[in-house]
Amino acid sequence: MCEEKHWNSSQLRRYDLQFEQIPRIHYTDPKIDELISANKPVVITGSNIIKTARDHWTPEYLEQNLGVAGHTVFSSKTHKFKYFDDSKISKNNLNGIEFIPPTRKCKMRMGEFMKKLREWKPGNDRLYLQQPLNNTVGPLIVEDFAHFDWEYVNKRQAKHNWGPLTSNLLLISQEGNVTPCHYDEQQNFFGQAYGYKRCILFPPSDFECLYPHPVFHPHDRQSMVDFDRPDYVKFPKFGNAKGCETVVEPGDVLYIPIYWWHHIESLMRGGPTVSVNFWFKGGPTSLSYPLKDHQKVSITRNVEKMLLEVLQDPKEVGPLLRSMVMGRYS
Ligand SMILES: CC1(C)c2ccccc2-c2ccc(C[C@@H](CC(=O)O)C(=O)C(=O)O)cc21
Ligand SMILES: [Zn+2]
(Lines give C-alpha, C1' and ligand atoms only; values in the text may rest on other atoms or scores of the structure.)
(Ligands and ions follow the chains in the order given, each with its own letter.)
Protein backbone atom coordinates (compact mmCIF):
# COMPACT_ATOMS: atom_id res chain seq x y z
CA MET A 1 0.00 0.00 0.00
CA CYS A 2 1.28 3.49 -0.64
CA GLU A 3 3.23 4.88 2.26
CA GLU A 4 1.57 8.30 2.55
CA LYS A 5 4.03 10.50 4.42
CA HIS A 6 2.75 13.19 6.74
CA TRP A 7 6.06 15.05 6.97
CA ASN A 8 9.11 15.87 4.85
CA SER A 9 12.84 16.15 5.52
CA SER A 10 12.73 19.98 5.59
CA GLN A 11 11.02 19.58 8.99
CA LEU A 12 14.08 17.81 10.47
CA ARG A 13 16.95 19.82 11.97
CA ARG A 14 20.32 19.36 10.25
CA TYR A 15 23.24 17.81 12.15
CA ASP A 16 26.83 16.94 11.06
CA LEU A 17 26.19 13.19 11.54
CA GLN A 18 24.84 10.35 9.34
CA PHE A 19 22.30 7.99 10.87
CA GLU A 20 21.18 4.42 10.23
CA GLN A 21 17.42 3.77 10.39
CA ILE A 22 15.94 2.15 13.51
CA PRO A 23 13.95 -0.95 12.36
CA ARG A 24 10.13 -0.61 12.33
CA ILE A 25 8.61 -4.02 13.16
CA HIS A 26 4.98 -5.15 13.52
CA TYR A 27 4.15 -6.02 17.13
CA THR A 28 3.31 -9.67 16.31
CA ASP A 29 6.80 -10.32 14.87
CA PRO A 30 9.05 -12.30 17.31
CA LYS A 31 12.01 -10.25 16.03
CA ILE A 32 10.88 -7.53 18.44
CA ASP A 33 11.72 -9.67 21.47
CA GLU A 34 15.06 -10.62 19.91
CA LEU A 35 15.98 -6.91 19.67
CA ILE A 36 14.69 -6.07 23.17
CA SER A 37 16.70 -9.02 24.58
CA ALA A 38 19.79 -7.62 22.83
CA ASN A 39 19.09 -4.14 24.33
CA LYS A 40 18.69 -2.73 20.81
CA PRO A 41 16.17 -0.04 19.80
CA VAL A 42 13.12 -0.98 17.73
CA VAL A 43 9.91 0.81 16.69
CA ILE A 44 6.92 -1.40 17.55
CA THR A 45 4.20 -0.73 14.95
CA GLY A 46 0.51 -1.61 14.71
CA SER A 47 0.11 -2.42 18.40
CA ASN A 48 -2.65 -1.43 20.82
CA ILE A 49 -0.15 -0.46 23.52
CA ILE A 50 -1.32 3.19 23.47
CA LYS A 51 -4.25 2.80 21.04
CA THR A 52 -6.68 4.78 23.23
CA ALA A 53 -4.17 7.64 23.44
CA ARG A 54 -3.55 7.48 19.71
CA ASP A 55 -7.30 7.60 19.05
CA HIS A 56 -8.29 10.30 21.57
CA TRP A 57 -5.38 12.43 22.82
CA THR A 58 -5.51 15.45 20.56
CA PRO A 59 -4.44 18.73 22.20
CA GLU A 60 -8.10 19.80 22.25
CA TYR A 61 -9.26 16.57 23.97
CA LEU A 62 -6.48 16.96 26.52
CA GLU A 63 -7.47 20.58 27.06
CA GLN A 64 -10.99 19.39 27.89
CA ASN A 65 -10.05 16.35 29.98
CA LEU A 66 -6.59 16.60 31.46
CA GLY A 67 -7.97 18.08 34.66
CA VAL A 68 -8.21 21.39 36.45
CA ALA A 69 -4.91 21.31 38.33
CA GLY A 70 -1.91 23.23 37.05
CA HIS A 71 0.64 21.12 35.19
CA THR A 72 4.43 21.37 35.15
CA VAL A 73 5.49 23.45 32.15
CA PHE A 74 9.13 24.09 31.24
CA SER A 75 10.02 27.24 29.35
CA SER A 76 13.16 27.86 27.33
CA LYS A 77 14.61 30.82 25.44
CA THR A 78 15.87 28.44 22.77
CA HIS A 79 14.43 25.35 21.06
CA LYS A 80 16.46 23.16 23.44
CA PHE A 81 15.08 21.81 26.73
CA LYS A 82 18.22 20.52 28.42
CA TYR A 83 17.33 18.67 31.61
CA PHE A 84 19.12 19.51 34.87
CA ASP A 85 18.95 18.05 38.36
CA ASP A 86 18.06 20.79 40.87
CA SER A 87 19.53 18.76 43.73
CA LYS A 88 23.02 18.98 42.18
CA ILE A 89 23.11 22.78 42.05
CA SER A 90 24.38 22.89 45.63
CA LYS A 91 27.81 24.40 46.35
CA ASN A 92 29.74 21.19 46.98
CA ASN A 93 28.84 19.87 43.55
CA LEU A 94 29.79 23.04 41.73
CA ASN A 95 32.09 25.04 44.03
CA GLY A 96 32.80 27.90 41.68
CA ILE A 97 31.81 26.10 38.47
CA GLU A 98 29.22 28.45 36.97
CA PHE A 99 25.82 26.89 36.23
CA ILE A 100 23.05 28.78 34.42
CA PRO A 101 19.74 26.86 34.42
CA PRO A 102 18.73 26.64 30.72
CA THR A 103 15.01 26.21 31.43
CA ARG A 104 12.52 27.53 33.98
CA LYS A 105 9.74 25.49 35.51
CA CYS A 106 6.25 26.83 36.24
CA LYS A 107 2.70 25.58 36.81
CA MET A 108 0.21 26.21 34.04
CA ARG A 109 -3.36 25.12 33.29
CA MET A 110 -3.80 23.28 30.00
CA GLY A 111 -6.00 26.07 28.57
CA GLU A 112 -3.35 28.72 29.16
CA PHE A 113 -0.63 26.40 27.78
CA MET A 114 -2.58 25.78 24.54
CA LYS A 115 -3.38 29.51 24.21
CA LYS A 116 0.32 30.40 24.48
CA LEU A 117 1.14 27.79 21.83
CA ARG A 118 -1.49 29.22 19.47
CA GLU A 119 -0.22 32.80 20.00
CA TRP A 120 3.50 31.91 19.92
CA LYS A 121 5.79 34.26 17.93
CA PRO A 122 9.55 33.86 17.23
CA GLY A 123 11.36 35.44 20.19
CA ASN A 124 8.78 34.18 22.69
CA ASP A 125 9.85 31.54 25.19
CA ARG A 126 9.10 28.00 24.04
CA LEU A 127 7.02 25.71 26.26
CA TYR A 128 7.02 22.00 27.07
CA LEU A 129 4.31 20.45 29.32
CA GLN A 130 5.09 17.38 31.40
CA GLN A 131 2.45 15.60 33.51
CA PRO A 132 2.85 12.25 35.28
CA LEU A 133 -0.18 10.03 34.57
CA ASN A 134 -1.50 9.63 38.10
CA ASN A 135 -4.76 10.14 39.95
CA THR A 136 -4.69 13.92 39.50
CA VAL A 137 -5.63 13.73 35.81
CA GLY A 138 -9.24 13.74 34.61
CA PRO A 139 -11.41 10.56 34.59
CA LEU A 140 -11.46 10.17 30.78
CA ILE A 141 -7.65 10.24 30.67
CA VAL A 142 -7.55 7.64 33.46
CA GLU A 143 -10.03 5.54 31.43
CA ASP A 144 -7.88 5.75 28.27
CA PHE A 145 -4.76 4.92 30.31
CA ALA A 146 -6.48 1.88 31.85
CA HIS A 147 -7.21 0.62 28.33
CA PHE A 148 -3.58 0.64 27.17
CA ASP A 149 -2.53 -2.88 26.14
CA TRP A 150 -1.01 -3.62 29.56
CA GLU A 151 -0.93 -7.35 28.79
CA TYR A 152 1.55 -6.72 25.97
CA VAL A 153 3.64 -4.33 28.10
CA ASN A 154 3.67 -6.58 31.18
CA LYS A 155 4.66 -9.60 29.06
CA ARG A 156 7.71 -7.73 27.74
CA GLN A 157 8.58 -6.50 31.23
CA ALA A 158 8.51 -10.08 32.55
CA LYS A 159 10.20 -11.71 29.53
CA HIS A 160 13.15 -9.30 29.65
CA ASN A 161 13.48 -9.18 33.44
CA TRP A 162 12.84 -5.48 33.65
CA GLY A 163 12.25 -4.00 37.10
CA PRO A 164 8.98 -2.34 38.14
CA LEU A 165 7.23 0.35 36.10
CA THR A 166 8.24 3.60 37.83
CA SER A 167 6.18 6.17 35.90
CA ASN A 168 4.30 7.17 32.79
CA LEU A 169 4.93 10.75 31.74
CA LEU A 170 2.51 12.58 29.47
CA LEU A 171 4.48 15.03 27.32
CA ILE A 172 2.95 17.83 25.28
CA SER A 173 5.55 19.67 23.23
CA GLN A 174 5.43 22.75 21.04
CA GLU A 175 6.49 22.09 17.43
CA GLY A 176 10.25 22.34 16.90
CA ASN A 177 11.22 21.73 20.54
CA VAL A 178 14.33 19.58 21.13
CA THR A 179 15.22 17.41 24.12
CA PRO A 180 19.01 17.28 23.75
CA CYS A 181 21.05 14.09 23.79
CA HIS A 182 21.05 12.29 27.12
CA TYR A 183 20.65 8.82 28.59
CA ASP A 184 18.35 7.53 31.35
CA GLU A 185 19.03 4.67 33.76
CA GLN A 186 15.68 3.09 32.96
CA GLN A 187 14.17 0.94 30.21
CA ASN A 188 11.74 3.04 28.18
CA PHE A 189 8.72 2.27 25.98
CA PHE A 190 8.28 5.66 24.33
CA GLY A 191 4.75 5.97 22.92
CA GLN A 192 3.80 8.60 20.32
CA ALA A 193 0.12 9.57 20.55
CA TYR A 194 -0.21 12.71 18.36
CA GLY A 195 2.10 14.41 15.87
CA TYR A 196 5.58 13.36 14.77
CA LYS A 197 8.87 13.21 16.68
CA ARG A 198 12.33 12.52 15.30
CA CYS A 199 14.34 10.32 17.62
CA ILE A 200 18.13 9.93 17.28
CA LEU A 201 19.66 7.17 19.41
CA PHE A 202 23.29 6.23 20.14
CA PRO A 203 24.56 3.07 21.90
CA PRO A 204 26.17 3.30 25.37
CA SER A 205 29.54 2.53 23.68
CA ASP A 206 29.39 6.03 22.13
CA PHE A 207 30.20 7.35 25.63
CA GLU A 208 33.62 8.57 24.35
CA CYS A 209 31.99 10.46 21.45
CA LEU A 210 29.18 12.17 23.36
CA TYR A 211 31.11 13.55 26.38
CA PRO A 212 28.61 13.37 29.24
CA HIS A 213 28.89 16.06 31.96
CA PRO A 214 30.54 14.83 35.19
CA VAL A 215 28.15 12.75 37.33
CA PHE A 216 27.98 15.40 40.07
CA HIS A 217 27.09 18.18 37.57
CA PRO A 218 23.41 19.25 37.35
CA HIS A 219 23.53 18.13 33.69
CA ASP A 220 24.54 14.60 34.75
CA ARG A 221 23.62 12.09 31.99
CA GLN A 222 23.38 14.84 29.36
CA SER A 223 25.86 15.22 26.48
CA MET A 224 28.09 18.32 26.65
CA VAL A 225 28.04 18.60 22.84
CA ASP A 226 25.77 21.24 21.32
CA PHE A 227 24.46 19.31 18.29
CA ASP A 228 23.58 22.62 16.55
CA ARG A 229 27.17 23.92 16.80
CA PRO A 230 29.52 21.07 17.82
CA ASP A 231 32.90 22.25 19.26
CA TYR A 232 35.25 19.77 17.55
CA VAL A 233 38.24 21.16 19.48
CA LYS A 234 36.71 20.34 22.86
CA PHE A 235 34.88 17.22 21.57
CA PRO A 236 37.09 15.77 18.78
CA LYS A 237 35.42 12.32 18.77
CA PHE A 238 31.87 13.65 18.29
CA GLY A 239 32.10 13.01 14.53
CA ASN A 240 32.63 9.27 15.20
CA ALA A 241 29.27 8.84 16.98
CA LYS A 242 27.28 6.07 15.29
CA GLY A 243 23.62 7.07 15.69
CA CYS A 244 20.40 5.57 14.40
CA GLU A 245 17.17 7.48 13.90
CA THR A 246 13.46 7.21 13.21
CA VAL A 247 10.45 9.53 12.98
CA VAL A 248 7.76 8.09 15.25
CA GLU A 249 4.14 8.59 14.16
CA PRO A 250 0.87 8.26 16.11
CA GLY A 251 0.50 4.73 17.53
CA ASP A 252 4.23 3.89 17.34
CA VAL A 253 6.10 2.74 20.44
CA LEU A 254 9.88 3.18 20.33
CA TYR A 255 11.89 0.94 22.67
CA ILE A 256 14.72 3.10 24.07
CA PRO A 257 17.05 0.64 25.83
CA ILE A 258 18.46 1.58 29.25
CA TYR A 259 21.64 3.74 28.99
CA TRP A 260 21.06 4.42 25.27
CA TRP A 261 21.58 8.07 24.36
CA HIS A 262 18.58 9.78 22.79
CA HIS A 263 17.92 13.17 21.24
CA ILE A 264 14.22 13.79 20.57
CA GLU A 265 12.74 16.66 18.52
CA SER A 266 9.15 17.59 17.64
CA LEU A 267 9.13 18.21 13.88
CA MET A 268 9.41 21.86 12.87
CA ARG A 269 6.12 23.20 11.47
CA GLY A 270 4.47 19.93 12.56
CA GLY A 271 2.19 21.35 15.24
CA PRO A 272 2.13 20.28 18.91
CA THR A 273 3.07 16.66 19.76
CA VAL A 274 1.77 14.31 22.47
CA SER A 275 3.86 11.44 23.81
CA VAL A 276 3.53 9.06 26.75
CA ASN A 277 6.54 7.12 28.03
CA PHE A 278 6.79 4.02 30.23
CA TRP A 279 9.92 4.02 32.46
CA PHE A 280 10.95 0.73 34.07
CA LYS A 281 13.81 0.12 36.50
CA GLY A 282 16.61 -1.81 34.82
CA GLY A 283 16.14 -5.06 36.71
CA PRO A 284 18.78 -7.25 38.43
CA THR A 285 22.26 -6.05 37.39
CA SER A 286 24.72 -8.83 38.11
CA LEU A 287 28.11 -8.08 36.53
CA SER A 288 28.40 -10.63 33.74
CA TYR A 289 31.62 -11.07 31.75
CA PRO A 290 32.50 -9.85 29.24
CA LEU A 291 31.05 -6.64 30.67
CA LYS A 292 28.28 -5.02 28.64
CA ASP A 293 28.92 -1.45 27.49
CA HIS A 294 26.24 -0.01 29.73
CA GLN A 295 27.82 -1.77 32.71
CA LYS A 296 31.08 0.09 31.97
CA VAL A 297 29.16 3.37 31.95
CA SER A 298 27.67 2.43 35.30
CA ILE A 299 31.17 1.68 36.67
CA THR A 300 32.50 5.08 35.49
CA ARG A 301 29.59 6.72 37.32
CA ASN A 302 30.52 4.96 40.55
CA VAL A 303 34.19 6.01 40.21
CA GLU A 304 33.23 9.67 39.71
CA LYS A 305 30.80 9.63 42.66
CA MET A 306 33.40 8.02 44.95
CA LEU A 307 36.13 10.47 43.91
CA LEU A 308 33.93 13.51 44.59
CA GLU A 309 32.98 12.07 47.97
CA VAL A 310 36.59 11.68 49.08
CA LEU A 311 38.05 14.75 47.33
CA GLN A 312 35.10 17.00 48.27
CA ASP A 313 36.17 19.63 45.70
CA PRO A 314 34.80 18.87 42.18
CA LYS A 315 37.73 20.80 40.67
CA GLU A 316 40.14 18.16 42.04
CA VAL A 317 38.46 15.16 40.38
CA GLY A 318 39.73 15.87 36.84
CA PRO A 319 43.36 16.54 37.85
CA LEU A 320 43.50 13.37 39.99
CA LEU A 321 42.06 11.20 37.19
CA ARG A 322 44.46 12.79 34.70
CA SER A 323 47.46 12.21 36.99
CA MET A 324 46.38 8.58 37.37
CA VAL A 325 46.26 7.77 33.64
CA MET A 326 48.63 10.15 31.79
CA GLY A 327 51.86 8.36 30.96
CA ARG A 328 50.75 5.28 32.87
CA TYR A 329 47.83 3.81 30.91
CA SER A 330 48.43 5.11 27.38
C1 LIG B 1 12.31 17.92 28.21
C2 LIG B 1 11.40 17.34 29.28
C3 LIG B 1 10.01 17.92 29.21
C4 LIG B 1 11.96 17.59 30.65
C5 LIG B 1 12.28 18.81 31.26
C6 LIG B 1 12.79 18.80 32.56
C7 LIG B 1 12.94 17.58 33.23
C8 LIG B 1 12.65 16.36 32.58
C9 LIG B 1 12.16 16.41 31.28
C10 LIG B 1 11.80 15.33 30.39
C11 LIG B 1 11.85 13.96 30.59
C12 LIG B 1 11.43 13.10 29.55
C13 LIG B 1 10.98 13.62 28.35
C14 LIG B 1 10.50 12.67 27.29
C15 LIG B 1 11.57 12.17 26.32
C16 LIG B 1 12.15 13.33 25.53
C17 LIG B 1 11.09 13.95 24.63
O18 LIG B 1 10.20 13.22 24.20
O19 LIG B 1 11.21 15.16 24.39
C20 LIG B 1 12.66 11.41 27.05
O21 LIG B 1 13.81 11.86 27.13
C22 LIG B 1 12.34 10.11 27.65
O23 LIG B 1 11.19 9.64 27.51
O24 LIG B 1 13.28 9.52 28.27
C25 LIG B 1 10.95 15.01 28.16
C26 LIG B 1 11.35 15.83 29.21
ZN1 LIG C 1 15.13 10.47 28.22
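Everything that follows concerns the structure shown earlier in this document.
Residues numbered from 1 in each chain as written. Chains lettered and ligands numbered in written order. Predicted model: local features only at pLDDT ≥ 70, side-chain atom pairs only at ≥ 80, totals over all residues. Heavy atoms only, no water.

Draft legend 1. Structural view of the pairing of strand β9 (residues 186–194). Most of β9 sits out of view: 8 of its 9 residues are buried. Here β9 runs beside strand β14 (residues 273–281); their pairing, made up of 8 bridges, is antiparallel. Residue pairing for β14: Phe189 is matched across the bridge by Phe278. Note that β9 and strand β12 (residues 253–256) share 4 bridges and pair antiparallel. Within the sheet, the bridge partner assigned to Asn188 lies in β12 and is Ile256. (Buried < 20%, exposed > 50% of the residue type's maximum accessible area, 1.4 Å probe, protein only. Helix = DSSP H or I, 4+ residues; strand = E, 2+ residues; numbered from the N terminus. Pairing = 2+ DSSP bridges.)

Draft legend 2. Representation of the nonpolar core within the structure. Counting 40 residues, the largest nonpolar core has Trp57, Leu62, Phe113, Phe148, Ile172, Phe189 and Phe278 as the members making the most contacts within it. With sequence-adjacent residues up to four places away left out, Ile172 is seen in contact with Leu62, Leu66, Met110, Phe113, Tyr128, Leu129, Thr273 and Val274. If you look at the next biggest cluster of nonpolar residues, it comprises 20 residues, including Cys181, Phe202, Leu210 and Phe227. (Core = buried A, V, L, I, M, F, W, Y, C linked by side-chain atoms within 4.5 Å. Contact = heavy atoms within 4.5 Å.)

Draft legend 3. Quick look at the layout of surface pockets. Approximately 1100 Å³ is the volume attributed to the largest pocket. The wall of the largest pocket is formed by 30 residues, among which Phe207, Glu208, Thr300, Glu304 and Leu321 lie closest to the centre. Those elements giving two or more residues to the lining of the largest pocket turn out to be α8 (207–210), α9 (293–311) and α10 (314–325). Per-element accounting of the lining of the largest pocket gives the leading share, 7 residues, to α10. Of the residues belonging to the lining of the largest pocket, the class tally is 17 nonpolar, 6 polar and 7 charged. (1 Å grid on protein atoms, 1.4 Å probe; cavity = no way out; pocket = protein on both sides within 12 Å on 5 of 7 lines; lining within 4 Å. Points joined across faces, edges and corners; volume = space filled by probe spheres on them. Nonpolar A, V, L, I, M, F, W, Y, C, P; charged D, E, K, R; others polar.)

Draft legend 4. Geometry of the site of ligand 1. Surveying the vicinity of ligand 1 reveals 16 residues, the closest of which are Tyr128, Thr179, Asp184, Lys197 and Asn277. A distance of 2.9 Å separates an oxygen atom of ligand 1 from a polar side-chain atom of Asp184. Here an oxygen atom of ligand 1 and a side-chain polar atom of Asn277 are 3.0 Å apart. Isolated, ligand 1 exposes 530 Å² of accessible area, and the fraction of that covered by the protein chains is 93%. The pocket occupied by ligand 1, as judged from atoms lying within 2 Å of grid points, is the second largest pocket. Mapped by element, the contributors of at least two residues to the shell around ligand 1 are β6 (126–132), β8 (178–182), β9, β13 (261–266) and β14. Here the residues of the shell around ligand 1 sort into 8 nonpolar, 6 polar and 2 charged. (Near = heavy atom within 4 Å. Polar contact = N/O pair within 3.5 Å; in protein donor to acceptor, adjacent residues only side chain to side chain. Areas by Shrake-Rupley, 256 points an atom, 1.4 Å probe, with all protein chains shown as cover. Sits in = over half its atoms within 2 Å of the grid points.)

Draft legend 5. Quick look at the packing of aromatic side chains. Across all of its chains, the model carries 22 aromatic pairs by this definition. With centroids separated by 6.2 Å and ring planes inclined at 75 degrees, the aromatic side chains of Phe19 and Phe202 adopt a geometry described as edge-to-face. A residue pair is termed long-range when its members are at least 10 positions apart, and Phe19 in strand β1 (residues 19–21) and Phe202 in strand β10 (residues 197–202) qualify at 183 residues. Of the residues examined, Phe202 reaches a relative accessible area of 0% and is grouped as buried. Between Trp57 and Phe148, the ring centres sit 5.8 Å apart and the planes meet at 50 degrees, which makes this aromatic pair tilted. (Phe/Tyr/Trp six-rings, centres within 6.5 Å; stacked < 30°, edge-to-face > 60°.)

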